[in-house]
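Fold and contact review
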Amino acid sequence: MSGLNTSLSIGLQALEATQGALDATSNNIANANTPGYTREVPIFSEEGENLSAGQVVGGGVTLDSLQSIRDELLNLQIQQQTSLQSSADAESTTLQQIQTSFASSSGADISSELTAFSSSLAQLSAAPTSSAARQGVLSSGQDLANAFNSTASALTSAQSDADGVVTQSVAQINSLTAQIAQLNGQVAHLTQLGQDGGTTQDQRDELVQKLSNLTGIAITQSSDGETITTGNGTPLVVGSQSFTLQTTTGSNGLQKVLDSNGNDVTSSISGGQLGGAIQVRDTTIPAFKTQLNTLATQFADAVNTAQAKGFDSNGKAGQSFFTLPANSADAAAGIKVSLTDPAQVAASSDGSAGSNGNVANLSAALTTALPSGETAASAYANLVFQVGSAATTASTQSTAVGQNLQQLQNQQGSISTVSIDEESTNLIRYQTAYEAAARIVSTIQQLSSVTLNMGTSGGY
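Cut-offs applied
Residues numbered from 1 in each chain as written. Predicted model: local features only at pLDDT ≥ 70, side-chain atom pairs only at ≥ 80, totals over all residues. Heavy atoms only, no water. Helix = DSSP H or I, 4+ residues; strand = E, 2+ residues; numbered from the N terminus. Rg over C-alpha atoms; globule rule 2.2 N^0.38 Å. Buried < 20%, exposed > 50% of the residue type's maximum accessible area, 1.4 Å probe, protein only. Phe/Tyr/Trp six-rings, centres within 6.5 Å; stacked < 30°, edge-to-face > 60°. Patch = residues over 30% accessible without salt bridge, like charges linked within 9 Å, V, L, I, M, F, W, Y side chains within 5 Å. Areas by Shrake-Rupley, 256 points an atom, 1.4 Å probe, with all protein chains shown as cover. Salt bridge = Lys/Arg side-chain N within 4 Å of Asp/Glu carboxyl O. Lys, Arg positive; Asp, Glu negative; His and termini not counted. Charge placed at Lys NZ, Arg CZ, Asp CG, Glu CD. 1 Å grid on protein atoms, 1.4 Å probe; cavity = no way out; pocket = protein on both sides within 12 Å on 5 of 7 lines; lining within 4 Å. Points joined across faces, edges and corners; volume = space filled by probe spheres on them. Nonpolar A, V, L, I, M, F, W, Y, C, P; charged D, E, K, R; others polar. Contact = heavy atoms within 4.5 Å. Pairing = 2+ DSSP bridges. Axes fitted to C-alpha atoms, helices over the stretch in contact; angles between N-to-C directions.

A count of helices and strands for the protein chain gives ten helices and twelve strands. Computed over C-alpha atoms, the radius of gyration of the protein chain comes to 38 Å, more than 25% over the 23 Å expected from 2.2 N^0.38 for 460 residues, which places it beyond the range of a compact globule. Along the first, second and third principal axes, the C-alpha atoms of the protein chain reach 145 × 45 × 30 Å. Looking at the protein chain as a whole, 41% of its 460 residues qualify as buried.

Below, the structure written as structure tokens:
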């Protein structure tokens, strides 16, 4: 009977093991379209057997565990590429928004208004006593000032939008890190029990992927689970503990990012939506603002200097055409025409009513190189080119990184995602094994019944 019992035990173990494998395979098929699901494979091991007094004791198969098939190196590479693409996307979106304000289709951009201002001066030169021509100069000057104002406003608005992204991103990061820390503890507990994290680890990986979309991160593995930091080493998750980031308004009115200890880490954050927003907010846009303010200041000074060389219709010395704010950082946003009467345009070079000698000086402010070394039109064209180039570069980078990311995701898919064909084959294989194990059990039960009945009247 001991031999039959051993065979029965082997059959029952085989039933249990193959049942577990069938369950795992069915679960894989059911989750074939579940985002982030990592396929599981059954891990079998052979039970030891001993030969004693001609009897085999032990043996059979055991289902040790279900193992999720994942490539951690690929996961890290995908997270890095995701951070890079998200950062480039954030910059590209903002730069495209800015780009439209530098080249308005309505013809109200600075370049168009510079041309209109030049044309109005040409008309004044041809008719220096014409009130309409003088009003044309005044109006085109105001339109030009408005173009500077609106362009500066567009830059400020884009910077404000990026600042809002910083606040939103930090809030989302804190929410994700809290969830990741909780799952970290669960995965660590399962690992200590010798079990595969499976679903819990899939959930954590999905959250980590979302986190990498928000900021650049570095991940190391430890016995307590994953340790996640920002690119500069600021801790976000250590085991089952999360560390929140904070935001506070800086002296410039923009949000600073602080670590859990209150240290300012804004300048060291890179990658992801947060890094891209900070880059465009603190570096890219301020550089454009500086150039625009320099152009507004130097152009206004050149026109004002030309005005001072001439006389208005009343024979008075020309006064400043443009007014600039006291703070040079607000030059483009605050430039305005200071003249209130068309007669104040200093067209005359000698004070006589019909003189147009000073119009040439006014026109020279448009055609002569400013202190920057370029004419007003050239300086603006160069600024427009830089904005367009930055937008193109960000878009190109996003596309290039996206291609790399797609390749990595395809590789990950070939390893971790469910193949219906493969799982269907496994289903048939495990089903066949289950049926064979069931036949063993059935056969042994029949043999045991016959053996028990031997020696009785009913057994013959």
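A complete count under the given rule lists seven aromatic pairs for this structure. Centre to centre, the rings of F117 and F321 are 5.7 Å apart; their planes meet at 65 degrees, and the pair counts as edge-to-face. Of this pair, F117 sits in helix α3 (residues 110–126) while F321 sits in the loop between α6 (272–308) and β11 (322–323), placing them 204 residues apart in sequence. Each member of the pair, F117 as well as F321, carries the same accessibility label: buried. Ring centres of F321 and F322 lie 4.8 Å apart, and the angle between their planes is 65 degrees; on these two criteria the pair is classed as edge-to-face. Each member of the pair, F321 together with F322, is buried. Three or more aromatic residues link up through ring pairs in this structure, and these residues are F117, F299, F321 and F322.

Among the secondary structure elements, D301 is positioned in helix α6. When the C-alpha positions of D301 and L324 are compared, they lie 9.0 Å apart, and in sequence the two are 23 residues distant.

Together, E46, E47, E49 and D64 line one region of the surface with negative charge. The residue E47 is located in the loop between β1 (40–46) and β2 (49–52) in this model.

To continue, consider the layout of surface pockets. Of the volumes computed, that of the largest pocket is approximately 420 Å³. For the largest pocket, the lining is made up of 24 residues, of which G36, N75, I78, E206 and Q412 are closest to its centre. In terms of residue count, helix α9 (residues 376–416) provides more of the lining of the largest pocket than any other element does, five residues in total. In the lining of the largest pocket, the residues fall into seven nonpolar, twelve polar and five charged.

Counting through the fold element by element, N304 comes out in helix α6. Not counting residues up to four positions away in its chain, the partners in contact with N304 are S320, F321 and F322.

What follows deals with the sheet that holds strand β6 (residues 225–230). On the basis of which strands lie adjacent, the open sheet formed by four strands has the order β5-β6-β7-β8 and antiparallel pairing. Among the strands making up the open sheet, the edge pair consists of β5 (217–222) and β8 (241–242). As paired elements, β6 and strand β7 (residues 235–238) share three bridges and run antiparallel to each other. Bridge pairing links I228 to V237 in β7. Its contacts with the sheet place helix α4 (residues 131–192) against β6, β7 and β8, and it is angled at close to 20 degrees to β7.

Nothing here speaks to function; it is geometry throughout.
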